Amino acid sequence: MLTETPVKGCVVAPRAETPQVGGDQQQARDTVIVGYTIYAPSGSDWKTTDQVRIRGEVCEITGEPGNWGRSPFTGLAGLVQFAADRVTG
């Protein structure tokens, strides 16, 4: 059984570039890829095996989530950034 846990303070931005698709796996298929970049609060724990619900759609985390670390100017903890994609087709 999956557990959904709402995370407040996330910023969701549509990705400006669509990942490249093609080759044998795409032949004779209509593929639609929706990509987002998520900026999550400092200290939030995300893994590449997690799924996220964005605007009602379940998306897979793609790539390794990155922690921005501490700002050298303010000393405050930075955000956690990751990409999420919904692939259909």
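Up top is the structure these notes are about.
Quick caveat: nothing in here was measured; it's all calculated off a predicted structure.

(A) Looking closely at the layout of surface pockets. A volume near 580 Å³ is recorded for the largest pocket. Looking at the largest pocket, it is lined by 20 residues, and the ones nearest its centre are E4, T5, Q51, V52 and R53. Counting residues per element, the lining of the largest pocket draws most heavily on strand β3 (residues 51–54), at four residues. Here the residues of the lining of the largest pocket are counted per class, giving 11 nonpolar, four polar and five charged.

(B) Inspection of unusual backbone geometry at higher detail. The phi angle at R55 is positive, at roughly 50 degrees, despite the residue not being glycine. Mapped onto the secondary structure, R55 falls in the loop between β3 and β4 (57–67). Take R55: its relative accessible area is 57%, and that puts it in the exposed class.

(C) Region of the structure containing the pattern of salt bridges. Summed over the entire model, instances satisfying the criterion amount to four salt bridges. Between R15 and D85 there is a salt bridge, with its nearest N and O atoms 2.3 Å apart. Here R15 is found in the loop between β1 (11–14) and β2 (32–40), whereas its partner D85 is found in strand β5 (residues 80–88), with 70 residues between them in sequence. Here R86 and E57 are joined by a salt bridge, their closest N and O atoms 3.8 Å apart.

(D) Summary view of the packing of aromatic side chains. The final tally for this structure, using the stated rule, is two aromatic pairs. With a centroid separation of 6.4 Å and an interplanar angle of 85 degrees, the aromatic rings of Y39 and W68 are classed as edge-to-face. Separated by 29 residues along the polypeptide, Y39 in strand β2 and W68 in the loop between β4 and β5 bring together distant segments of the chain. Classification of W68 by relative accessible area gives exposed; the value is 53%. Ring centres of W46 and F82 lie 4.8 Å apart, and the angle between their planes is 40 degrees; this geometry places the pair in the tilted category. Taken together, the residues W46 in the loop between β2 and β3 and F82 in strand β5 connect sequence positions 36 residues apart. Owing to a relative accessible area of 16%, W46 belongs among the buried residues under this scheme. Under the relative-accessibility criterion, F82 is labelled buried at 3%.

How each quantity is defined
Residues numbered from 1 in each chain as written. Predicted model: local features only at pLDDT ≥ 70, side-chain atom pairs only at ≥ 80, totals over all residues. Heavy atoms only, no water. 1 Å grid on protein atoms, 1.4 Å probe; cavity = no way out; pocket = protein on both sides within 12 Å on 5 of 7 lines; lining within 4 Å. Points joined across faces, edges and corners; volume = space filled by probe spheres on them. Helix = DSSP H or I, 4+ residues; strand = E, 2+ residues; numbered from the N terminus. Nonpolar A, V, L, I, M, F, W, Y, C, P; charged D, E, K, R; others polar. Buried < 20%, exposed > 50% of the residue type's maximum accessible area, 1.4 Å probe, protein only. Salt bridge = Lys/Arg side-chain N within 4 Å of Asp/Glu carboxyl O. Phe/Tyr/Trp six-rings, centres within 6.5 Å; stacked < 30°, edge-to-face > 60°.

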